[in-house]
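So you can see what is in the structure, the chains are spelled out below.
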Amino acid sequence: QVQLVESGGGLVQAGESLTLSCAASGSTLGITTFAWYRQSPGKQRDLLASIIGGDSTYYADSVKGRFTISRDNAKNTAYLQMNSLIPEDTGVYYCKAVRSLIAYWGQGTQVTVSS
């Protein structure tokens, strides 16, 4: 089992930055993928970014150039650096980890961007 805890969310103004963290614990050896998702009010949970291994990354068009995903294997932690935030980035941000083809989810952290 893998447990994930997200942190770093909050209320910011448009144009500001936030960094989210996703700390993994439990059976962390063998986590191949970390990913960040966002669920905005009334919408489905969308994939924003993922990192496989150490350097293979994917970004959704909506965040490309503004968000950066990274991971620190020594700390079993993934990060999402978010710059130039816009009100449309408001939502609950979830971290997902994949280990042995099983996906684990965190409880989510709220990000609110005011205009």
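Please refer to the structure placed before this passage.
Reading the values: rules and limits
- Residues numbered from 1 in each chain as written.
- Predicted model: local features only at pLDDT ≥ 70, side-chain atom pairs only at ≥ 80, totals over all residues.
- Heavy atoms only, no water.
- Salt bridge = Lys/Arg side-chain N within 4 Å of Asp/Glu carboxyl O.
- Buried < 20%, exposed > 50% of the residue type's maximum accessible area, 1.4 Å probe, protein only.
- Helix = DSSP H or I, 4+ residues; strand = E, 2+ residues; numbered from the N terminus.
- Contact = heavy atoms within 4.5 Å.
- Phe/Tyr/Trp six-rings, centres within 6.5 Å; stacked < 30°, edge-to-face > 60°.
- Lys NZ or Arg CZ within 6 Å of the ring centre and 35° of its normal.
- Lys, Arg positive; Asp, Glu negative; His and termini not counted.
- Polar contact = N/O pair within 3.5 Å; in protein donor to acceptor, adjacent residues only side chain to side chain.
- Pairing = 2+ DSSP bridges.

Chemist: Any details on the pattern of salt bridges? Residues and values, ideally.
Modeler: In this structure the tally under the stated criterion is 3 salt bridges. The closest approach of N and O atoms between Asp-61 and Lys-64, which form a salt bridge, is 3.2 Å. On the basis of relative accessible area, Asp-61 is assigned to the exposed category, the value being 67%. Across the pair Asp-89 and Arg-66 runs a salt bridge whose closest N-O atoms are separated by 2.8 Å. Placement of the pair is Asp-89 in the loop between strand S8 (77–82) and strand S9 (91–99) and Arg-66 in the loop between strand S6 (56–59) and strand S7 (67–72), with a sequence separation of 23 residues. Pair check on accessibility: Asp-89 and Arg-66 agree, each one buried.

Chemist: An account of the environment of Lys-64 is requested, with residue identities and associated values reported.
Modeler: Its location among the elements puts Lys-64 in the loop between S6 and S7. When the C-alpha positions of Lys-64 and Asp-89 are compared, they lie 13 Å apart, and in sequence the two are 25 residues distant.

Chemist: Please provide a residue-by-residue account of the side chain of Thr-90, values included.
Modeler: Mapped onto the elements of the fold, Thr-90 is located in the loop between S8 and S9. Residue classification places Thr-90 among the buried positions, given a relative accessible area of 19%. Contacts of Thr-90, omitting those with residues within four sequence positions, involve Arg-38, Ser-40, Pro-41, Gln-110, Val-111, Thr-112 and Val-113.

Chemist: Lay out the packing of aromatic side chains in plain terms, naming residues and giving numbers.
Modeler: Under the criterion given, the structure shown has 1 aromatic pair. The ring of Tyr-94 carries the charged tip of Arg-45 above its face, separated from the ring centre by 3.6 Å. Note that Arg-45 overlies the ring of Trp-105, its terminal NZ or CZ placed 4.8 Å from the centroid.

Chemist: Which residues make up unusual backbone geometry, and what values go with them?
Modeler: Negative phi values dominate among residues other than glycine, just as trans dominates among peptide bonds. At Ser-84, a residue that is not glycine, the phi angle is positive and equals roughly 50°. Position of Ser-84 among the secondary structure elements: in the loop between S8 and S9. Classification of Ser-84 by relative accessible area gives partly exposed; the value is 41%. Of note in the backbone geometry, Ser-100 takes a positive phi value of approximately 50° without being a glycine. Relative to the assigned elements, Ser-100 resides in the loop between S9 and strand S10 (102–105).

Chemist: Before we move on, can you summarise the side chain of Arg-71 with the specific residues and values?
Modeler: Examined against the element boundaries, Arg-71 turns out to sit in strand S7. Of the side chains with opposite charge, Asp-72 comes closest to the buried, unpaired Arg-71, at an N-O distance of 8.4 Å. Side-chain polar atoms of Arg-71 contact the backbone oxygen of Gly-53, separated by 2.8 Å. A distance of 2.8 Å separates the side chain of Arg-71 from the side chain of Asn-73, its partner in a polar contact. Those residues in contact with Arg-71 that sit more than four places away from it in its chain are Ile-31, Thr-32, Thr-33, Phe-34, Ile-51, Ile-52, Gly-53, Thr-77 and Ala-78.

Chemist: Run through the pairing of S10, naming residues and quoting values.
Modeler: Along any regular strand the residues' side chains alternate between the sheet's two faces. In the sheet, S9 pairs with S10 via 4 bridges, with the strands oriented antiparallel. Note on S10: the bridge partner recorded for Ala-97 is Tyr-104. Linking S9 back to S10 in an antiparallel pair, the connection comprises 2 residues, with Ser-100 at a positive phi of about 50°.

Just distances and angles here, no functional claims.
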